[in-house]
Amino acid sequence: MKNIYIIGVPRSGKSTLSKIIKSKYPEMNIISFEAIRNGFIKAQPNLNMENRNSTARQEILPPFIVEFAYWNNIITGFGNIIEGSFTDIKTIESLVNSEDIIVCLGFGQRNIHEIINEMKKHDNENDYTKHWTEEQMKKHFYDITEKDTENYELCKDFNIEYFNTFNNREAVFLNILEYIESRF
């Protein structure tokens, strides 16, 4: 079975979409970038994995996660749902199997104020930004609009499906499920 990679900017719905896909395909496993990254942070603090721009995070994590998903697929006989902001479009395209499915989520090139307001609408108690102020969010997501625009352009270049989850997220998720089903 194919692996499904769900990538994109933070808070664009990757974890939620993973759970929706898992409910439709219960035999698939969810592999979370954040869980693997946190394991590295605890086991190898000298690698500086908490810094999203660190060399270790950009050069070690993406191939590790793709390799882990590959072998998990071989061992279990089932595909995986790999979700997170663990790499850029060029890197993921160069690492994954050609049969695998890549889906990129984004906000449709909105400005930072629009994005923060939308994030607040979708916040729940499990979201790390739930109790953040707007200033904290601006500081943390300072580069999100640039990254989203870059992802959108690279998706076109690499023929990867980009889905704008800014408005009508539930309908977009249904469209993504149809897209994935068409690729199985």
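These lines cover the structure that appears in this document, whether it is placed above or below. (Residues numbered from 1 in each chain as written. Predicted model: local features only at pLDDT ≥ 70, side-chain atom pairs only at ≥ 80, totals over all residues. Heavy atoms only, no water.)

Side note on the layout of surface pockets
So, point 1. Of the pockets and cavities examined, the largest pocket occupies roughly 1,300 Å³.
So, point 2. Those elements that place two or more of their residues in the lining of the largest pocket are strand 1 (4-8), helix 1 (14-24), helix 2 (33-43), helix 3 (55-59), helix 5 (89-95), helix 8 (144-158) and helix 9 (169-183).
So, point 3. Across the lining of the largest pocket, the residue classes tally to 13 nonpolar, 16 polar and 17 charged.
So, point 4. What the second largest pocket holds in volume is close to 190 Å³. (1 Å grid on protein atoms, 1.4 Å probe; cavity = no way out; pocket = protein on both sides within 12 Å on 5 of 7 lines; lining within 4 Å. Points joined across faces, edges and corners; volume = space filled by probe spheres on them. Helix = DSSP H or I, 4+ residues; strand = E, 2+ residues; numbered from the N terminus. Nonpolar A, V, L, I, M, F, W, Y, C, P; charged D, E, K, R; others polar.)

Overview of the pattern of salt bridges
So, point 1. Taken as a whole, this structure holds seven salt bridges when the rule is applied.
So, point 2. Across the pair Glu181 and Lys24 runs a salt bridge, and its minimum N-O distance is 3.0 Å. Here Glu181, found in helix 9, pairs with Lys24, found in helix 1; they are 157 residues apart in sequence, far enough to count as distant.
So, point 3. For Glu181, a relative accessible area of 35% gives the class partly exposed.
So, point 4. A residue is classified by how much of its surface remains accessible, and Lys24, at 42% relative accessible area, is partly exposed.
So, point 5. With a closest N to O distance of 3.4 Å, Lys147 and Glu150 form a salt bridge. Here Lys147 pairs with Glu150, and both are found in helix 8, just three residues apart, close to one helical turn.
So, point 6. Note on Lys147: relative accessible area 28%, which makes it partly exposed.
So, point 7. One network of salt bridges, in which partners are shared, links Arg11, Lys120 and Asp123. (Salt bridge = Lys/Arg side-chain N within 4 Å of Asp/Glu carboxyl O. Buried < 20%, exposed > 50% of the residue type's maximum accessible area, 1.4 Å probe, protein only.)

Quick word on the side chain of Thr129
So, point 1. Residue position: Thr129 is located in the loop between helix 6 (112-122) and helix 7 (134-140).
So, point 2. Residue classification places Thr129 among the buried residues on the basis of a relative accessible area of 0%.
So, point 3. Setting aside residues no more than four positions away along its own chain, Thr129 makes contact with Arg11, Lys120, Asp123, Met137 and Phe141. (Contact = heavy atoms within 4.5 Å.)

With respect to the packing of helix 2 against helix 4 (residues 61-76)
So, point 1. Packing of helix 2 against helix 4 leaves a shortest axis separation of 11 Å and a crossing angle of 120°. By the angle class used here, helix 2 and helix 4 are oblique. For the crossing formed where helix 2 meets helix 4, the hand is right-handed. Residues Phe33, Ile36, Arg37 and Phe40 of helix 2 form the contact with helix 4, whose own contacting residues are Leu61, Phe64, Ile65 and Phe68.
So, point 2. Grouping the amino acids of the contact of helix 2 with helix 4 by side-chain chemistry returns seven nonpolar, no polar and one charged. (Axes fitted to C-alpha atoms, helices over the stretch in contact; angles between N-to-C directions. Parallel < 35°, antiparallel > 145°, perpendicular 65-115°, else oblique. Left-handed = near helix turned anticlockwise from the far one by under 90°.)

Section: the side chain of Asn73
So, point 1. Counting through the fold element by element, Asn73 comes out in helix 4.
So, point 2. The contacts of Asn73, once residues within four sequence positions are left out, are Met1, Lys2, Asn3, Phe78, Gly79 and Asn80.

A look at the environment of Glu118
So, point 1. Inspection of the secondary structure puts Glu118 in helix 6.
So, point 2. Here Glu118 falls in the buried class, since its relative accessible area comes to 6%.
So, point 3. Between the C-alpha atom of Glu118 and that of Leu105, which follows or precedes it by 13 residues, the distance is 14 Å.

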